[in-house]
Amino acid sequence: MTALLRLDDVACIRGDRLLFESVSLTLAPGEALWLRGPNGAGKSSLIRIVAGLLRPAAGTVERFGRIALIDEAAALDAELPLRRALDFWARVDTVDGHTVDRAMEAMALHPLTEVPVAMLSTGQRKRAAMARVIASGAPIWLLDEPANGMDDAAQARLVAAMATHRANGGAVLLASHFALGVPDMAELDMGALA
């Protein structure tokens, strides 16, 4: 099976501190990996390295397909109504409005279509960011604490979206402080790497 993501001996130094070293992993279509560990273990830093936003101190990262990222920022224009903000990214990702509709449906966002992004709660913003990822069509999802602020129903939708993505040949790299109940997901304890 062809890999979507491959890391070979990746290390990360932030400031003067070694966060982790010798991280090697491969994600193939349909696979998911949960990065777990305490604050400061390097979960977010590894996600940023994979996204190309942070340079590794050592090692290589190979991505075989586009990526979609969720981190602490929703990456949606706060002044726009939610649907228009998602439509902006749909144009960037060259997907149509029906794709955005399906993504909004997956995250139960249709009642919020005309609400400015700035007025959304933390959980609603996370659901909106997830809809952006779903609509992107990217095969590699990088999800850094995607469930923060979500209630149980929204978390269930998130888990269902990941299952659908994997069933369709996508891969997920998930950084989270807590298990989301994602079936058949490998784990990497970042706290044990430094």
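Report on the accompanying structure. What you see is a predicted model, and the numbers here were worked out from it, not measured in a lab. (Residues numbered from 1 in each chain as written. Predicted model: local features only at pLDDT ≥ 70, side-chain atom pairs only at ≥ 80, totals over all residues. Heavy atoms only, no water.)

## Quick notes on the overall build of the protein
- A count of helices and strands for the protein gives five helices and eight strands.
- The C-alpha atoms of the protein give a radius of gyration of 16 Å, which matches the 16 Å a tight globule of 194 residues would have.
- The principal-axis extent of the C-alpha atoms belonging to the protein is close to 45 × 35 × 30 Å.
- For the protein, the residues scored as buried account for 47% of the 194 residues in total. (Helix = DSSP H or I, 4+ residues; strand = E, 2+ residues; numbered from the N terminus. Rg over C-alpha atoms; globule rule 2.2 N^0.38 Å. Buried < 20%, exposed > 50% of the residue type's maximum accessible area, 1.4 Å probe, protein only.)

## Let's talk about the pairing of strand β1 (residues 5-14)
- As judged from the seven bridges shared by β1 and strand β2 (residues 17-27), these two strands associate in the antiparallel manner. Bridging from a neighbouring strand, Val 10 pairs with Val 23 of β2.
- The hairpin formed by β1 and β2 contains two residues between the paired strands, and Gly 15 there has a positive phi angle of roughly 65°.
- Relative to strand β4 (residues 58-63), β1 runs antiparallel, the two being bridged by five bridges. Within β4, the residue paired with Asp 8 across the bridge is Thr 60. (Pairing = 2+ DSSP bridges.)

## What to know about the packing of aromatic side chains
- Here the structure, examined in full by the defined rule, presents one aromatic pair.
- Ring plane angle 85° and centroid distance 5.4 Å describe the contact between Phe 88 and Trp 89, whose orientation is recorded as edge-to-face.
- With relative accessibility at 39%, the residue Phe 88 sits in the partly exposed group.
- Its relative accessible area of 26% is what places Trp 89 among the partly exposed residues.
- The positively charged end of Arg 36 is found above the aromatic ring belonging to Trp 34, 6.0 Å away from the centroid. (Phe/Tyr/Trp six-rings, centres within 6.5 Å; stacked < 30°, edge-to-face > 60°. Lys NZ or Arg CZ within 6 Å of the ring centre and 35° of its normal.)

## Some thoughts on the sheet that holds strand β7 (residues 171-175)
- With respect to topology, five strands assemble into an open sheet ordered β5-β6-β7-β3-β8, the strand pairing being parallel. Two strands lie at the open edges of the sheet, namely β5 (67-70) and β8 (186-189), each paired on one side alone. Averaged over neighbouring strand pairs, the angle between their axes works out to 15° when direction is ignored.
- As paired strands, β5 and strand β6 (residues 140-144) are joined by four bridges and run parallel to one another. Within β6, the position partnered with Ala 68 by the bridge is Trp 141.
- Here helix α1 (residues 43-51) sits on the sheet and contacts β3 (32-36), β5, β6 and β7; the angle it forms with β6, its principal contact strand, is near 150°. (Axes fitted to C-alpha atoms, helices over the stretch in contact; angles between N-to-C directions. Contact = heavy atoms within 4.5 Å.)

## Observations regarding the nonpolar core
- Ranked by internal contacts, the top residues of the largest apolar core, which has 40 residues, are Leu 82, Met 130, Trp 141, Leu 143 and Met 162.
- Elements that contribute at least two residues to this core include exactly β3, β5, α2 (82-92), α3 (97-106), α4 (122-136), β6, α5 (152-167) and β7.
- In terms of residue count, the dominant contributor to this core is α4 (six residues).
- Beyond its immediate stretch of four places on either side in the chain, Trp 141 contacts Ala 68, Met 130, Val 133, Ile 134, Ala 161, Met 162, His 165, Ala 171, Val 172 and Leu 173.
- If you look at the next biggest cluster of nonpolar residues, it comprises 25 residues, including Leu 7, Leu 25, Leu 27 and Ala 51. (Core = buried A, V, L, I, M, F, W, Y, C linked by side-chain atoms within 4.5 Å.)

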